[in-house]
Amino acid sequence: MEFLIVGLALFLGIHSVRLVGLRGPMIAAMGQGAYSIVYSLVSAIGLALIVYGHILAHPSTAVWAPPEWTRTLALVLVPVSIILIVSAYLPGHIRSALRHPMTLGVLFWAVAHLVANGEIASFILFGSFAVWALLTLISAYALGGSFATEGKWAADAVAIVIGLIASGLLAWFHMDLFGVAVVEFASDPYAPGI
């Protein structure tokens, strides 16, 4: 569990420098190039530790037994979250309207996995991401702002298509990638968690 916690601290910590007002001072102190390198390295190390730590901690002590409907909810929320994350990179109406689709996507992804899992390691992992995303969204929306252009429907269509394809691939290979089946035909439908 230690690797998971350290990984979360590094990954979410470096992704919170703007939230706590340290991004500007860090760039002023190190320069944009060095800051980008440090940001990328800390993110990569943190992410690797999160994955490795969760593998080591799984399965962990069960806190509750998620009802079957939570798996169905996750199967709906995760594709929505991936579409939102993809739309953050495309100049569409989704991005213009929501302003922070990536962070909303992370929140939906985290909540979907949080309710569908009953073990302590998953609570720590997905709960941390959910809290981070919620705090980041509150701060971002409080600052206001908007995109200069309204967006293009074609970009939204591309985000939806890419998001659905990525969701389908993730569901199909979820057992191979993360050790937990999501869809019945890909492996054991009664595996704990998602």
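Conventions adopted
- Residues numbered from 1 in each chain as written.
- Predicted model: local features only at pLDDT ≥ 70, side-chain atom pairs only at ≥ 80, totals over all residues.
- Heavy atoms only, no water.
- Core = buried A, V, L, I, M, F, W, Y, C linked by side-chain atoms within 4.5 Å.
- Buried < 20%, exposed > 50% of the residue type's maximum accessible area, 1.4 Å probe, protein only.
- Helix = DSSP H or I, 4+ residues; strand = E, 2+ residues; numbered from the N terminus.
- Contact = heavy atoms within 4.5 Å.
- Axes fitted to C-alpha atoms, helices over the stretch in contact; angles between N-to-C directions.
- Parallel < 35°, antiparallel > 145°, perpendicular 65-115°, else oblique.
- Nonpolar A, V, L, I, M, F, W, Y, C, P; charged D, E, K, R; others polar.
- Phe/Tyr/Trp six-rings, centres within 6.5 Å; stacked < 30°, edge-to-face > 60°.

## Let's talk about the nonpolar core
- Ranked by size, the top nonpolar core spans 21 residues in total, and within it L4, L8, L12, I50, L125 and F129 carry the most contacts.
- Going through the elements one at a time, helix 1 (2-14), helix 3 (32-57), helix 4 (68-87), helix 6 (101-116) and helix 7 (120-143) are the ones with two or more residues in this core.
- With residues near it in sequence (within four places) discarded, I50 still touches F3, L4, G7, L8, F11, L125 and F129.
- Grouped together as the second largest cluster of nonpolar side chains are eight residues, I82, V86, A116 and A159 included.

## A look at the packing of helix 1 against helix 7
- With their axes 11 Å apart at the nearest point, helix 1 and helix 7 run at an angle of 10 degrees to one another. Relative to helix 7, the element helix 1 is oriented roughly parallel. For the pair helix 1 and helix 7, contact is made by L4, I5, L8, F11 and L12 and by A121, I124, L125, S128, F129 and W132, respectively.
- Of the residues contributing to the contact of helix 1 with helix 7, the split by class is ten nonpolar, one polar and no charged.

## Comments concerning the packing of aromatic side chains
- Applying the stated rule across the entire model yields five aromatic pairs.
- Relative to Y52, the ring of F3 has its centre 5.2 Å away and its plane inclined at 75 degrees; by these criteria the two rings are edge-to-face. Taken as a pair, F3 in helix 1 and Y52 in helix 3 lie far apart in primary sequence, 49 residues in all.
- Residue class for F3 comes out partly exposed when judged on its relative accessible area of 40%.
- By relative accessible area, which is 43% here, Y52 ends up partly exposed.
- Look at W109 and F129: their rings are 5.5 Å apart centre to centre, the planes differ by 90 degrees, and that puts the pair in the edge-to-face class. Pair noted here: W109 is in helix 6 and F129 is in helix 7, with a separation of 20 residues, a long-range link.
- Taken together, the aromatic side chains of F11, W109, F126 and F129 make up a single cluster linked through ring pairs.

## Things to note about the environment of W69
- Among the secondary structure elements, W69 is positioned in helix 4.
- Overall, W69 belongs to the exposed group, its relative accessible area being 54%.
- C-alpha of W69 to C-alpha of G145: the two residues are 76 residues apart in sequence and 37 Å apart in space.

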